[in-house]
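Chain residues, written in single-letter form:
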Amino acid sequence: MKEKQNKRRGLKLISLLGAFLVWLWVVNVADPVMTDTVEIPVEIENGHILTENGLTYEIVGKKTTTVSYEVHTTNAYRIHASDFRAYVDMAELWSVTGSVPVRIEILRNASYLVSTPVSKTTAIKIETEPLQTKRFELNTILNGELEEGFQAGQIKLSPDHIYLQGPESQIGQISSAGIEFSIDGLNSEVSGVSIPRFYDANGNRIELSNRIEKNCDSVDYTMEVLKVKELTLDFEVTGEVTDGYRFTGVKCDVKTVPVAGLKSALASINTLTIPGDILELEGASTDIVKTVDISKLLPNGVTLAGSERKEINVTLTVERLEDEVYLVDLDYGCFVGGSDEYIYRADPNRVSVRVRALREELDSLRLDADDLAIDVSGLSEGAHVVDVQFITELDPAYEVVAVGTCSVNVTKIPDGPGATQTAATEETTEAE
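The text that follows walks through the structure, step by step, so that each part is easy to find. (Residues numbered from 1 in each chain as written. Predicted model: local features only at pLDDT ≥ 70, side-chain atom pairs only at ≥ 80, totals over all residues. Heavy atoms only, no water.)

## A short note on the pattern of salt bridges
- Within this structure, the stated rule accounts for 17 salt bridges.
- Note that Arg 356 and Asp 323 form a salt bridge whose closest N and O atoms lie 2.7 Å from each other. Pair noted here: Arg 356 is in strand E26 (residues 350–357) and Asp 323 is in strand E23 (residues 322–329), with a separation of 33 residues, a long-range link.
- The shortest N-O distance in the salt bridge between Arg 350 and Asp 329 comes to 2.8 Å. Placement of the pair is Arg 350 in strand E26 and Asp 329 in strand E23, with a sequence separation of 21 residues.
- The partly exposed category is assigned to Asp 329, whose relative accessible area is 42%.
- Each of Glu 43, Glu 45, Arg 85 and Glu 105 takes part in a single network of salt bridges with overlapping partners. (Salt bridge = Lys/Arg side-chain N within 4 Å of Asp/Glu carboxyl O. Helix = DSSP H or I, 4+ residues; strand = E, 2+ residues; numbered from the N terminus. Buried < 20%, exposed > 50% of the residue type's maximum accessible area, 1.4 Å probe, protein only.)

## Let's talk about the environment of Val 388
- Relative to the elements of secondary structure, Val 388 occurs in strand E28 (residues 382–390).
- Look at Val 388 and you get buried, because its relative accessible area is 6%.
- For the pair Val 388 and Ala 402, spaced 14 residues apart in the sequence, the C-alpha separation amounts to 9.7 Å.
- With residues up to four places along the chain from it excluded, the contact list for Val 388 reads Val 351, Leu 372, Ala 373, Ile 374, Val 403, Gly 404, Thr 405 and Cys 406. (Contact = heavy atoms within 4.5 Å.)

## Section: the pairing of strand E18 (residues 256–261)
- Of all the six residues making up E18, five are buried; the element is thus mostly covered by neighbouring parts of the structure.
- Pairing analysis gives three bridges linking E18 to strand E21 (residues 302–304), with the strands arranged antiparallel. Directly across from Ala 260, in E21, lies its bridge partner Thr 303. (Pairing = 2+ DSSP bridges.)

## What to know about the sheet that holds E23
- Overall, antiparallel pairing links the three strands, which are arranged E23-E26-E29 in an open sheet. Looking along the sheet, the strands with just one partner apiece sit at the ends: E23 and strand E29 (399–403). With direction set aside, neighbouring strand axes in the sheet form an average angle of 30°.
- Alignment of E26 against E29, held across four bridges, turns out to be antiparallel. If you follow Arg 356 over to E29, its bridge partner there is Glu 399. (Axes fitted to C-alpha atoms, helices over the stretch in contact; angles between N-to-C directions.)

## Description of the environment of Ile 391
- Inspection of the secondary structure puts Ile 391 in the loop between E28 and E29.
- As a C-alpha pair, Ile 391 and Asp 370 span 21 residues in sequence and 8.2 Å in three-dimensional space.

## Structural notes on the layout of surface pockets
- In this structure, the largest pocket spans a volume of roughly 370 Å³.
- What lines the largest pocket is a set of 14 residues, among which Thr 56, Tyr 57, Glu 58, Asn 210 and Arg 211 lie closest to the centre.
- Breaking the lining of the largest pocket down by element, the ones donating at least two residues are strand E2 (55–60) and strand E10 (161–167).
- Per-element accounting of the lining of the largest pocket gives the leading share, five residues, to E2.
- Taken together, the residues of the lining of the largest pocket break down into five nonpolar, five polar and four charged. (1 Å grid on protein atoms, 1.4 Å probe; cavity = no way out; pocket = protein on both sides within 12 Å on 5 of 7 lines; lining within 4 Å. Points joined across faces, edges and corners; volume = space filled by probe spheres on them. Nonpolar A, V, L, I, M, F, W, Y, C, P; charged D, E, K, R; others polar.)

Honestly, it's all geometry; don't read function into it.
Now the structure itself:
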């Protein structure tokens, strides 16, 4: 039994060996032709023809093609995708269909190929659109906050603009360009290099496609950091108001102005003066409102801080003067320069005093006999009309316009016993 099994195994081995020998004969003697394929990218030739005509292009669909070739079986291992080149020539673009034929070029091992290789994709679709070149001014986006009491100053960019070139549809999506850098916690000049960024109309960042070319890849920046300081406002007012009116002061809608500058520029500045040629009220009879552009009054190297408004409103207040008549009772102490030989009596014993001032000042004024004097020196016995003098020095806010007159009766003191007592009694009665 074992001999039969061994005999069968031997026959199988002989059969396999015979089949292998037949295959070797077929391969090495007959060497049949086989067909194979490789996938290779499609290159573009003469693309400048479209660019020179203001067009850009893109391949629609696959950007590769399948190359079919024939080769003897014994040489199949020698052929690789790198032995072929597929390309389209834009000079052959047919504008009606937008297609261009695919050409195949053999780069190496052409002798091993049995026939001319062919592309299974005979033509590819090319989509064209206008080519646009656009300039964008570079903006700056500052991330973070400077140290308190400091403000961003002048920013210098190099370059300060950038050019983009690409399909009109893609360039049209870009609204602005700029760079971003951090200023968090800084209190001195900052500089560095940043990459240009691009944004749509809503401020969202856009990543450029490989079809858009830019003329620079980085931007150098330098930014001043300025000290912030509050300046007190000072007002120089010139001119005179109309008679009967008074300039009563300055009102302003702000008390201080925040400014920014280098520390050296701010060291000696504490106030900002609004000059008289701006605050001029010659001949005014009503309030005058002046709108002042304070940015024009700042010294070199100093600017308004933050986003504060440039203009302030200054009001020069002008009020009308009024007259008030005060009736003042006279007493014996008003008589000056009198003689001990006479008794002086005012008739009537009240005099009017006209004072001019602002209404609120008139309402607070109080006058009495101590403010008045009647000069009776040299008056003889009898009745005399005399002027009453206002002897108190009032505040400059008040103007004494007129003081009334009065009649003074001069009576000689009689001689004899009891005369002194009678005169004293009359003086007391007059005082009362």
